Amino acid sequence: MNGPSRTDVLERVPGVRAVVVAVFAGVAGVGGSYAVAGFTPSFVAGPIAGVMARGMPDIVIRYAITVLGDLGDQLNLVTAVAIATALFAGAALAGTAAGRRTGVRPVGPFAAGGLATVVALVVTGAPLASIGSGLAVGLVLAVAAVASVPEVDGVSEGRRRVLGGAASAVGLAGGGYLLGSGASTASGAGRPLGVSGALRSEIDDLLGAADRQSLGVDGLEPLVSEEFYEVDINATDPTIDAAEWELTVTGAVEREVSYTYDELRGMEAENRFVSLRCVGESRNGEKLDTALWTGVPITDLVEPAGPGEECCVMLRADDGFYEEFPLSALEDGFLAFGMNGETLPRGHGYPARALIPGHWGEINVKWITEIEVLEKEVDGYWEERGWHGTGPVNTVAKLHHERQLDDGRTQVGGHAYAGTRGVGSVEVSTDGGNSWTEAELSEPLPGDDVWRQWIHTYDPPDGEHEVVVRAVEADGTVQPADETDAFPSGPSGWVSRTVRT
Ligand SMILES: Nc1nc2c(c(=O)[nH]1)N[C@H]1C(S)=C(S)[C@@H](COP(=O)(O)O)O[C@H]1N2
Ligand SMILES: [Mo]
């Protein structure tokens, strides 16, 4: 034997062995939770990630949004999974210690499983998924205990214990992942919309028009986004049963009214193209997208409640999100239950979401449950954290496409969006802003809150040059050049890029 091996450490220090097995049990506990809950708020890491996202100092949240972007969400989730693993490992250790004290072997796994169930229940409030965690934790400890019985020869007792724990943890976590992936997608979200007649043929016509009018350029997203961005405050999206969902109009109204999903679906529906843009995205970011939405005008839902001449409304959602803005903006709003001819996908707010034309994404509340009419202004979720994202969007022209054509020319392109002010034209400069040329635009889609695509093809100068792009609104107003960061009221300024030929 040359120096001490890892097995020796496991042999000599029983505490290390117990901790290693407990960590495996912790991993299995997370897997057990996922197996039952899938990627929903009942998954043990979901609420932990939510508490962290909410409790983090504003400056950290701002950094995560504007600098880390989606990576910030991923880091938060990984941390939440690590915390959940540590909690279950703690339960495993405590249960094992209790078992040892009684001198009766099976007590350990049972006690640990019970403790893990309680821990998960406190975190999620979801009994079934918590039992999934408890069973997985208990099982790993039981397998580790059985594997370590002294009668088996060859491999040392401690080593067998750890191997048994590892094998069962890997099995449970892997099985949990497969099971949970199924659970995450269950529900009526993203299914065929189930509309017929004129509404259906209008959907088909409009999607067809969007397809035809898209400038067929490789690598440039069509007019109806293929991948619609998602932004929300929680790691896991709510899973709402449409049959139990209700939308209530409350606050400064003559009478409260509420709507079930069936009532909503029974109302006269319309189709609208609407683009959404997140206030927290970067200047040339990708949190700008467009869909064809099916739903009802929000006034049809609010008018029956008899709102007075109040200043504003608060929209509240199932995930604990809330945003406040002027009642006048709500009057142009739309309550969507369909997206691109299907029921709203879960990630975009199933069963229903608000769409407030021309405004930053944040007030387009998903998983909406309440429209509260207010007599005076208060802060919404993001405004409490220093953002000013309830107003109209800033105008932008994005540059996401660049290609060298076979004939030696260069092609650049992207999307332009000006909210309800509308995009009149897009201007491109290939000399750093000294001279400007009008870009080719996609034909406008019906609707007053829709982006357009632009492309521009030109003979490039030799070597490096600066391409700058700016949108011009329908009334001739040129997008302002002043550059600001996303915080607090959205990015502004012209997008530019150095092109090398
Ligand atoms: N309930 C709820 N609605 C929400 C949010 C949220 O976190 N919870 N995020 C808002 C933000 S910041 C944006 S930009 C848009 C994004 O909509 P999307 O995810 O469908 O693209 O949803 C808004 N609606
Ligand atoms: Mo946003």
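Residues numbered from 1 in each chain as written. Chains lettered and ligands numbered in written order. Predicted model: local features only at pLDDT ≥ 70, side-chain atom pairs only at ≥ 80, totals over all residues. Heavy atoms only, no water.

## Structural notes on the nonpolar core
The biggest cluster of nonpolar side chains holds 78 residues, and the ones touching the most others in it are Trp293, Leu330, Leu335, Ile368 and Ile371. Residues from two domains meet in this core; each of domain 2 (197–385) and domain 3 (396–500) gives at least three. Ignoring sequence-local partners within four residues, the contact set of Ile368 consists of Trp245, Leu247, Leu315, Arg316, Ala317, Leu335, Ala352, Arg353 and Ala354. Judged by nonpolar contacts, the second largest core, of 30 residues, contains Tyr34, Ala80, Ala112 and Ala136. (Core = buried A, V, L, I, M, F, W, Y, C linked by side-chain atoms within 4.5 Å. Buried < 20%, exposed > 50% of the residue type's maximum accessible area, 1.4 Å probe, protein only. Domains from an automatic or database assignment. Contact = heavy atoms within 4.5 Å.)

## Considerations on the packing of helix α5 (residues 70–102) against helix α6 (residues 107–124)
Direction vectors running N to C along α5 and α6 enclose 145°, while the axes themselves pass 7 Å from each other. Seen along the crossing, α5 lies across α6 with a hand that is right-handed. Between α5 and α6, the residues in contact are Leu87, Phe88, Ala91, Ala92, Ala94, Gly95, Thr96, Gly99 and Thr102 and Val107, Gly108, Ala111, Ala112, Leu115, Ala116, Val119, Ala120 and Val123, respectively. Among the residues making up the contact of α5 with α6, the classes are represented as 13 nonpolar, five polar and no charged. (Axes fitted to C-alpha atoms, helices over the stretch in contact; angles between N-to-C directions. Helix = DSSP H or I, 4+ residues; strand = E, 2+ residues; numbered from the N terminus. Left-handed = near helix turned anticlockwise from the far one by under 90°. Nonpolar A, V, L, I, M, F, W, Y, C, P; charged D, E, K, R; others polar.)

## Examining the packing of aromatic side chains
Under the defined criterion, the tally for this structure stands at twelve aromatic pairs. With a centroid separation of 5.9 Å and 70° between ring planes, the pair formed by Tyr322 and Tyr381 is classed as edge-to-face. Here Tyr322 is found in strand β6 (residues 322–326), whereas its partner Tyr381 is found in the loop between β10 (368–374) and β11 (396–397), with 59 residues between them in sequence. By relative accessible area, which is 18% here, Tyr322 ends up buried. By relative accessible area, which is 3% here, Tyr381 ends up buried. Taken together, the ring pairs in this structure connect Tyr34, Phe39, Phe43 and Tyr177 into an aromatic cluster. In this structure, Arg62 packs its charged tip against the face of Phe487, placed 3.6 Å from the ring centre. Lying across the ring of Trp494, Arg470 places its NZ or CZ 5.0 Å from the centre. (Phe/Tyr/Trp six-rings, centres within 6.5 Å; stacked < 30°, edge-to-face > 60°. Lys NZ or Arg CZ within 6 Å of the ring centre and 35° of its normal.)

## Here we look at the sheet that holds strand β14 (residues 423–429)
Ordered by their spatial adjacency, four strands build an open sheet running β15-β14-β18-β19, and the pairing between neighbours is antiparallel. The outermost strands of the open sheet, each flanked by one partner alone, are β15 (437–438) and β19 (495–500). Two elements, β14 and strand β18 (residues 464–473), share six bridges in a ladder whose sense is antiparallel. Residue pairing across strands places Val428 opposite Val469, the latter belonging to β18. (Pairing = 2+ DSSP bridges.)

## Quick notes on the packing of helix α3 (residues 45–55) against α5
Between α3 and α5, the least distance of the axes is 8 Å, while the angle of their chain directions is 120°. Judged on the interaxial angle alone, α5 and α3 are oblique. Between α3 and α5 lies a crossing whose hand is right-handed. Contact residues: α3 offers Ala45, Ile48, Ala49, Met52 and Ala53, while α5 offers Asn76, Leu77, Thr79, Ala80, Val81, Ile83, Ala84 and Leu87. Of the residues that constitute the contact of α3 with α5, the class distribution is eleven nonpolar, two polar and no charged. (Parallel < 35°, antiparallel > 145°, perpendicular 65-115°, else oblique.)

## Considerations on the site of ligand 1
Ligand 1 sits among 19 residues. The nearest are Tyr229, Asp319, His348, Arg353 and Lys366. The side chain of His348 places a nitrogen or oxygen atom 2.7 Å from an oxygen atom of ligand 1. Within the side chain of Arg353, an N or O atom sits 2.7 Å from an oxygen atom of ligand 1. In the complex, the protein chains occlude 99% of the 530 Å² of accessible area that ligand 1 would expose alone. Each residue belonging to the shell around ligand 1 can be placed in one class, and the counts come to ten nonpolar, three polar and six charged. (Near = heavy atom within 4 Å. Polar contact = N/O pair within 3.5 Å; in protein donor to acceptor, adjacent residues only side chain to side chain. Areas by Shrake-Rupley, 256 points an atom, 1.4 Å probe, with all protein chains shown as cover.)

## Thoughts on the environment of Glu331
Within the secondary structure, Glu331 is located in helix α12 (residues 327–331). For the pair Glu331 and Gly194, spaced 137 residues apart in the sequence, the C-alpha separation amounts to 27 Å.

## Examining the pairing of strand β3 (residues 270–277)
Of all eight residues in β3, six are buried; the element is thus mostly enclosed. Pairing of β3 with strand β4 (residues 288–297), which is carried by eight bridges, proceeds in the antiparallel orientation. For Val274, the partnering residue across the bridge sits in β4 and is Ala291.

## Concerning the side chain of Ser225
Here Ser225 is to be found in the loop between α9 (197–213) and β1 (246–251). Looking at Ser225, its side chain comes within polar contact range of the side chain of Asp289, at 2.6 Å. Residues in contact with Ser225, not counting those within four places in the same chain, are Asp289, Thr290 and Trp451.

Shape descriptors only; they carry no functional weight alone.
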